[in-house]
Structures are given as structure tokens and as C-alpha cells.
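# Descriptive analysis of the structure
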Amino acid sequence: MTQSPPRPTLEHWILLGILTVLWGSAFAFIKYSVDYLPPAALIFVRLSIAALVLLAWAVFRGRRMPALTDKRWLWFTGLGFFGNTLPFFLIAWGQQSIDSALAGILIATMPLATLGLAHVFVPGERMDLSKLGGFLIGFAGVIILMGPAALADLGGESFLAQIAVVFAAVCYGINAIMARLIPETPPSVSGAGMLITAAILALPFGLWELTQTEGVTLGAWAAVIWLAVAPTAIASVMLMHIARTAGPGFLAIVNYLTPVAAVITGVIIGETIGWNALLALAVILAGVWLSRRKR
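Residues numbered from 1 in each chain as written. Predicted model: local features only at pLDDT ≥ 70, side-chain atom pairs only at ≥ 80, totals over all residues. Heavy atoms only, no water.

The subject of this paragraph is the overall build of the protein chain. When helices and strands are tallied, the protein chain shows 12 helices and 0 strands. If you list the helices and strands of the protein chain from N to C, you get α-α-α-α-α-α-α-α-α-α-α-α. Across the 295 residues that make up the protein chain, the buried fraction comes to 49%. Partitioning the contacts of the protein chain with sequence separation of at least 6, the portion at a separation of at least 24 is 90%. About 14,000 Å² of surface is accessible on the protein chain, with carbon and sulfur atoms providing 71% of the total. (Helix = DSSP H or I, 4+ residues; strand = E, 2+ residues; numbered from the N terminus. Buried < 20%, exposed > 50% of the residue type's maximum accessible area, 1.4 Å probe, protein only. Contact = heavy atoms within 4.5 Å. Areas by Shrake-Rupley, 256 points an atom, 1.4 Å probe, with all protein chains shown as cover.)

With that settled, consider the pattern of salt bridges. A complete count under the given rule lists 2 salt bridges for this structure. Here Arg72 makes a salt bridge to Asp70, at a shortest N to O gap of 3.0 Å. Residue class for Asp70 comes out partly exposed when judged on its relative accessible area of 23%. The residue Arg244 makes a salt bridge to Glu184 at a minimum N-O spacing of 3.1 Å. Taken as a pair, Arg244 in helix 9 (residues 218-246) and Glu184 in the loop between helix 7 (159-181) and helix 8 (187-211) lie far apart in primary sequence, 60 residues in all. Overall, Glu184 belongs to the exposed group, its relative accessible area being 60%. (Salt bridge = Lys/Arg side-chain N within 4 Å of Asp/Glu carboxyl O.)

Below, the discussion takes up the packing of helix 2 (residues 39-60) against helix 3 (residues 72-94). Where helix 2 meets helix 3, the closest approach of the two axes is 10 Å, and the angle between their N-to-C directions is 150 degrees. The orientation of helix 2 relative to helix 3 falls into the category roughly antiparallel. The chirality of how helix 2 crosses helix 3 is right-handed. Within the contact between the two elements, helix 2 uses Pro39, Ala40, Ile43, Arg46 and Leu47 and helix 3 uses Asn84, Thr85, Phe88, Phe89 and Ala92. (Axes fitted to C-alpha atoms, helices over the stretch in contact; angles between N-to-C directions. Parallel < 35°, antiparallel > 145°, perpendicular 65-115°, else oblique. Left-handed = near helix turned anticlockwise from the far one by under 90°.)

With that out of the way, let us pick up the packing of aromatic side chains. The geometry of an aromatic ring pair is captured by the separation of the ring centres together with the interplanar angle, meaning the angle of the planes. Overall, the coordinates contain 7 aromatic pairs when judged by the stated rule. Plain terms: the ring middles of Trp13 and Phe250 are 4.8 Å apart, the flat faces sit at 90 degrees to each other, and that makes the pair edge-to-face. Of this pair, Trp13 sits in helix 1 (residues 10-33) while Phe250 sits in helix 10 (residues 248-252), and the two are 237 residues apart along the sequence. Take Trp13: its relative accessible area is 36%, and that puts it in the partly exposed class. On the basis of relative accessibility, which here comes to 0%, the residue Phe250 falls in the buried class. Judged by centre distance (5.8 Å) and plane angle (40 degrees), the rings of Phe29 and Trp226 are tilted. Separated by 197 residues along the polypeptide, Phe29 in helix 1 and Trp226 in helix 9 bring together distant segments of the chain. Its relative accessible area of 29% is what places Phe29 among the partly exposed residues. (Phe/Tyr/Trp six-rings, centres within 6.5 Å; stacked < 30°, edge-to-face > 60°.)

A cluster of nonpolar side chains, contributed by Leu10, Trp13, Ile14 and Ile18, occupies part of the molecular surface with about 400 Å² of accessible area. Along the chain, the position of Ile14 falls in helix 1. The class for Ile14 is partly exposed, based on a relative accessible area of 47%. (Patch = residues over 30% accessible without salt bridge, like charges linked within 9 Å, V, L, I, M, F, W, Y side chains within 5 Å.)

With respect to the helices, strands and loops of the structure, Ser236 is situated in helix 9. Among the residues examined, Ser236 registers a relative accessible area of 5% and is labelled buried. With near-sequence residues (within four places) excluded, Ser236 lies in contact with Leu54, Met194 and Leu195.

Residues Leu47 and Ile242 are the most contacted members of the largest nonpolar core, which totals 66 residues. In terms of nonpolar packing, the next biggest core, distinct from the first, is built from 10 residues, Leu37, Ala41, Val216 and Ala220 among them. (Core = buried A, V, L, I, M, F, W, Y, C linked by side-chain atoms within 4.5 Å.)

This part takes up the environment of Ile253. Here Ile253 lies in the loop between helix 10 and helix 11 (254-268). The sequence separation of Ile253 and Ser291 amounts to 38 residues, and the corresponding C-alpha distance is 9.1 Å.

With 22 residues, helix 2 should reach 32 Å at 1.5 Å per residue; the first-to-last C-alpha distance of 31 Å fits that figure. Every buried residue of helix 2 is listed here: Ala40, Ala41, Leu42, Ile43, Phe44, Val45, Arg46, Leu47, Ala50, Ala51, Leu54 and Ala58. Directly after helix 2, the chain includes Gly62, whose backbone phi takes a positive value near 80 degrees. (Expected span 1.5 Å × (residues − 1).)

Now the structure itself:
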């Protein structure tokens, strides 16, 4: 039986902070690169480069990928499908009909999905009122951050697009659970396997769109390379390590902190921060504290 994860250490909190910054900064680079590369092509190139980076890193560290007959490749395929290929496509398709603020709120349901799934599948990750209250407070903070007006478009003509983004959040929850339950595997190997299978799954549509794309600037390629190396390759190793050693419930916190990092990134590139962002940060941190406090 899989043992319950230990309480998060200082190392886990530091890695979670780095993961938050990496994922939070990705929005600005995606916004820039998608003007030159269509979504499927961007996803395929991003995943392919990230897979090669992690594969090279694993080999450099003396790690060997499992034989193709190893059952862990089934786990890698599930991780790649639910953690990368499917949610990437669902979010890209959904955002053709809904704006970023509403998408950000819908994606922030991921911790709630993870909490429910972990309660059923992961020993030691039982749901209680303190966890549930903390995650709901964190979700309220995300709504404050994105602006309550974003909820005005909830339902209506874009209902299917909204459902697609919510399902992407559920996919991320499934990915966090699988990363916790996968048979013992070094994070660099499991991360590489996840990205290899994700790139293969993204290949048909991505390669076709890539052959139809022209006029991609050097800056756009640089943005894609950054997306592949930092928020995808490096972040995948951190994700596997955190989920394995601190549990999916702890990992899920990153989905409340990532929008904050995205706002801070926006400030750095010249966007204006409002009072709601500061209030949202306080509410989100309060929710994180409540969900993780010692009982």
C-alpha cells in the first residue's frame, strides 16, 4: 500500500515557490508566441523541446529510461495525456470563446478537483473541513484577483468552452494524483517519459499546423524555447518530486498562487496592478495557511 506523504518541508515550499513563478510567467510568453504560432503547433514544439531537454538531462545523470515493455510507460502516457496534451488543447480551444480572466477562475477549480480525487485514491490525503475551507477561501481570492465581473459571462453561449476549461482543471487534478501513485521512478525519468508521450500525442495536429505556419519571428522562437525549458521541462521534474514526496493536495496550492505570479509578471512588463490584486493575495495566502495548518 502507498504510504501517506510526509508533511511538506522547507524544501517543498521553496520548490513550490519556484514552480509558481515558472508557471505564472508562462502566460506572458504564451500571449506573445501565440501571435506567431497556432495553438497546436505551439503545444507540439513546446512539448517536443521539453522532452528532449529532460531526456538529455536524465542521460547526463546516468538515468536510463525504462524498456518499452515496462508498465511505467502506461503511467507516462496517462501523465502526458492528462497533464499536458489534453488540457493544453482544451484550454486553447476554450479561450477562443472566453476571456483569460474567466478561464483563470475556471482553471482554479483544479485544487478542489484534486482534493476530492485525493480523498478517494491517496492514503493520508483525507478531506476535512479545514482543507475544504482553505481551498474555498483560496478560490475566492482568485475570483477577487481576476475580478468578479469575469463571472458575468458564466454560462450562456460559451458554456461548452467553459466546460472544456473546467475539464482541463480536472485533468490537472488527475495528473497530480497519478504523479503521487506512479511506481517508484526518479523525477527526471518520469518527467521525461511524461513529456515524450505528450509530444507523441500532440504530433498529428501540431505537425500539420507547423507545416502551414510562416513568418515566425526570432523572438517568438525564443519565447517557445523558454516555455519548453522552464515552465515545462524544469517544472515537470519539480511537479513529479513534489507530488511524490509532499502529496497532490500540497501541489494543488500552486494553482491559487500561479495567478498571483502572473499578475506580478504583468507588472514587470509594464501592466498596472490594482488594489484587488493585493487583497486577493492576502485572501489566497489565508486560504493556503488554513488548508495546511497543523491540526
